[in-house]
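Given next are the chains, with one letter for each unit.
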Amino acid sequence: MMNHFMVLAVLLPLRTCYTTYSQQESIVFPVTYLNISKDLALQRLLVEWDVGKSAHDAELAMSFEIQVHRTDETVWTEFHNITLDKSGKPLHWIWNSDLPLECMSHSVRIRSKAESSKIWSQWSVWETVLGLDTSNNSRPRIFPNEKVVEEGSDISLCCIGRKGQIIKEFFLDPAVHVFSHTNSQVGLLTVKNVAHLKRPHITVYCQESCSEKQCYDYAVFFVGKPPDTPNDFSCQTQDMRIVTCTWSQGGDTYLYGRNSPKYTLSEEISQKTVPCAVSCSEQCSCSWDIGQQRICNITVTVENPLGKKTATDVFDLTHRIYPTAPFHLAEDCRDTEVTLYWQHRNKGIELFCQTELVQPDGKVKLHNVSGTHLHSGSITLGGLQPYSEYTARVRCGAAKHFWRWSEWSEARTFRTNEATPSGKLDIWREITPVLGGRTVTLFWKQAPSFRANGGNISYEVTWEKVKDGSKPESISFSSVYNSTRISIDNHSYRISIKAKNNVNYSLPSVLIIPRATGTEELKEEQVNGTDDGIFISWEPRHTYDSYIIDWCNFPMLQPCDLQWKIFGPNTSSALINSAAFVPGVRYNFHIYGSVANRASLLEKKTGYLRELPPLLDPIVEKVELTFNTVTVSWDSYPTNESQSGFVRGYHVYVSPIQEDCSLKGSKKHVLPDGSVLCKYTIKNPEEKRYTVKHLLSNTKYKLVVKAYTGGGETPAVNFIYVDTPFNSNVLYLLVLLVIVPSLVAAMCGWKMKWVKECCCPVIPSPNKSKVLSFKEFKISSEEVLKTSDCIPDMLAVDNKAEAQKLHPWSQLSSTPTEDKISSHNSSWIYPHENEERDFAPTPTPQTHTWFENFAYSSHLAVESDPYQIPETLEASMPELSVVLYQPHYYFDIFNDDAASTPRETAGRKTSLRYISQTDVHCLGQGL
């Protein structure tokens, strides 16, 4: 190699003499020297190299490619450009390792080229710095073994095992997310964005595959922050000799002990370190004797392993005077002023002082006083209130080159002297007529303009008649009283009230009680409340110099805590509010006009802060029912001040039990459960009776009466239940409209049929007669009909003797009573089976006597119902029907002896006669 560089050194001058710059682009200057070293404290490689004197003489712009190799891989490649100079000094490059250099061996090589050339030189030989992975360790080793890491940065750690051993575990406690890599001997951990975990340090553990004591190692590292720049750094003096510097220490660095921030102060003008001990609590401070020096340049430095910060203060000591606090504060009091005295320790320094005075109402006033010096100062403060408590304190600052105030002195509390009460009492009255006079209740209170100005306050009340000059009466009260009651007659009186302290009386407050006269009762007007109070307005009158409104805070109590307010002559409204006002209570207000201490009642108002629904529902005292109405009454329901709102009216809710309501004249009201009620509104609160109409008869209803106010009403829940009675008129109407017309129609139908058959009878057709269908009986050549084959439509028999007296029709139509018919009488009619029956059968069966005449020889006695119709008999007993229609036996309805036996009847055979079929038919229809 040495020979190569010698040849190059010989040839280089020759080339530079005979070639141009463009030809130099192909000239190569290899690295002639390379050396690397490591800085373990900063974990970096220091690389030094050179390319020979010829390159420096040419002052070429060179490019270098540098590679860093670790174990089996290249971990860094960098291009470094530099222009060489003729000094011939070696080139330098620094590489910061991401791993501790103890962990592994690192190698570096370099190649070069002219910046304008495209041809690189050959790589230099690798230069290596060895790590501990090549050494014979007695136990595993962790690097770094103690390190302070800035919060938010990254950290890499390694564990180097002994030769022939394998790293089994390599971890952190507390556990954090890491990127790890472990080969057979070296373990790596990388923690990204390290955070402070509220623990003083983080521990790293490394364990080989064995379990002996020498098989593991541990190390710690700390996470913190660099210190903040000292804030509000300033220096001052109280006596021109001792200088004190103060500053804020900033945020927590999370580093403690030997890693905690360290403060040092230095004075740049004298080039000396300030000899003071720094103490930090709420803020840091440091004090020392400055000597005779007046101009200072003080620098404070704060440093920890992660960095350092500084702050500087340059000042003239005479401009940084901070006096000590005044002491021995004293006072000299009068009724309206006080003189304060104090002392201070700032010798030879002219001071400017300030007094803070806290007044009885809590307000603060500042008073300045200048020109105090030597050892004391004083100030006189005026405009104070008599017999009032004040608190004062004092502080001072330099009169020249004011820097800042001293600390406050200790506070001093004092009371001014007593004086005559100022202002007047605020007084009012309440007049109650009694027998022979009036009772006047007097009230008084300290108005805002009144001041007692002393202790031992008492009140004196005096009253006297206005005109007759009688001797006044008076009475005194202690300060615990604010009202009294006096009795006067009906004359006009002058009443005055004064306050008294240990010094004197106040000015009197006067009321004139006018002569008693009958006054017209004023009507109360309703007023509305708001969220802020109850608004009262009145009609202004120009004759009054003030207006007074009074009311009771607790209207239901006695005494009611009477309150009043006075307003000027140009006021016509006011918002009355009180902490005692609550919703649902009625408050009564009286408005008075006052002139020359005489008050006259002008108006009355009543209202609520906020109306609430009525507390109680009206009690229904009476219920009156008809089949379609219900009338309810609630006479005893109150509408006065006991209510929680002005009763504006009532709502009556009605509904059938089984269904929703839709009555005429009502409005629908839907309950929370979805059911519907009929709602009727009564807008007059004095109307306490209501009739609900258009109900259904024989129906169950529920109803409730609710009072409502400006605050609404309570939910409808407590119903009463009523049943409307049955409507008898409906039954009467049904009789009139249905049954009566039906009967009339039936009667008319029957009579029409009777008239038709009597007046216009239907003449039977001979061709339809059954006679033609009878069996024939021939005698010689003539056809003969047997009497037994003839079945008449109607058949009647008469007693011959009776027939001579009575016409058969009249006889047959007479009543049984008139004709003395036997109780065994029977119908004489046998209707044909095809004819309609107009007579209903008699329910009681009768005993009948049958008989025969000369034309019949058959004998038969039958007891049966003579009113039984033939078709019925034919349906039940066919054989009997034939017999019945054989005229062997007939009723004897005219003979009183009809009940005789057949044998007796045989003697009367000759007394019977027949009536023609046609006659009988007409006779039957007539009946």
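Described in the following lines is the structure provided in the data block.

The strand order E45-E46-E50 describes an open sheet built from three strands, whose pairing is antiparallel. With partners counted over all chains shown, the strands left at the sheet margins are strand E45 (622-625) and strand E50 (689-692), one partner each. Here the average twist between neighbouring strands, direction ignored, is 15 degrees. Sheet analysis places strand E46 (residues 630-633) next to E50, joined by four bridges and oriented antiparallel. In the strand pairing of E50, Ser633 is matched with Arg689.

Another aspect to go through is the pairing of E45. Moving residue by residue along a regular strand, the side chains alternate between the two faces of the sheet. With four bridges joining them, E45 and E46 adopt antiparallel strand pairing. Among the inter-strand pairings, Leu625 is bridged to a residue of E46, identified as Val630.

Let's shift gears to the packing of aromatic side chains. The full count for this structure, using the stated rule, is 26 aromatic pairs. Residues Trp49 and Phe64 carry aromatic rings whose centres are separated by 5.4 Å and whose planes lie at 70 degrees to one another, so their mutual orientation is edge-to-face. Within this pair, whereas Trp49 is found in strand E2 (residues 44-50), its partner Phe64 is found in strand E3 (residues 61-70), the two being separated by 15 residues in sequence. Like Trp49, the residue Phe64 is buried in the burial classification. Counting every residue linked through ring pairs, the aromatic cluster contains Trp444, Tyr459, Phe477 and Tyr481. Taking the ring centre of Phe327 as reference, the NZ or CZ of Arg345 above it sits at 4.3 Å. The ring of Tyr505 has Lys498 lying over it, and the distance from NZ or CZ to the ring centre is 4.6 Å.

On to the state of the cysteines, then. According to the stated counting rule, one finds nine disulfides in the structure shown. Disulfide partner of Cys235: Cys245, at an S-S distance of 1.8 Å. On the S-S bond that ties Cys235 to Cys245, the torsion sits near 105 degrees, and the link is right-handed. Separated by ten residues along the polypeptide, Cys235 in strand E16 (residues 231-237) and Cys245 in strand E17 (residues 242-248) bring together distant segments of the chain. Two residues, Cys276 and Cys286, share a disulfide whose sulfurs are 1.3 Å apart. Taken together, the positions of Cys276 in the loop between strand E19 (272-273) and strand E20 (279-280) and Cys286 in strand E21 (residues 284-289) put the pair ten residues apart, joining distant regions of the chain.

Thresholds, definitions, all that
- Residues numbered from 1 in each chain as written.
- Predicted model: local features only at pLDDT ≥ 70, side-chain atom pairs only at ≥ 80, totals over all residues.
- Heavy atoms only, no water.
- Pairing = 2+ DSSP bridges.
- Helix = DSSP H or I, 4+ residues; strand = E, 2+ residues; numbered from the N terminus.
- Axes fitted to C-alpha atoms, helices over the stretch in contact; angles between N-to-C directions.
- Phe/Tyr/Trp six-rings, centres within 6.5 Å; stacked < 30°, edge-to-face > 60°.
- Buried < 20%, exposed > 50% of the residue type's maximum accessible area, 1.4 Å probe, protein only.
- Lys NZ or Arg CZ within 6 Å of the ring centre and 35° of its normal.
- Disulfide = S-S within 2.5 Å.

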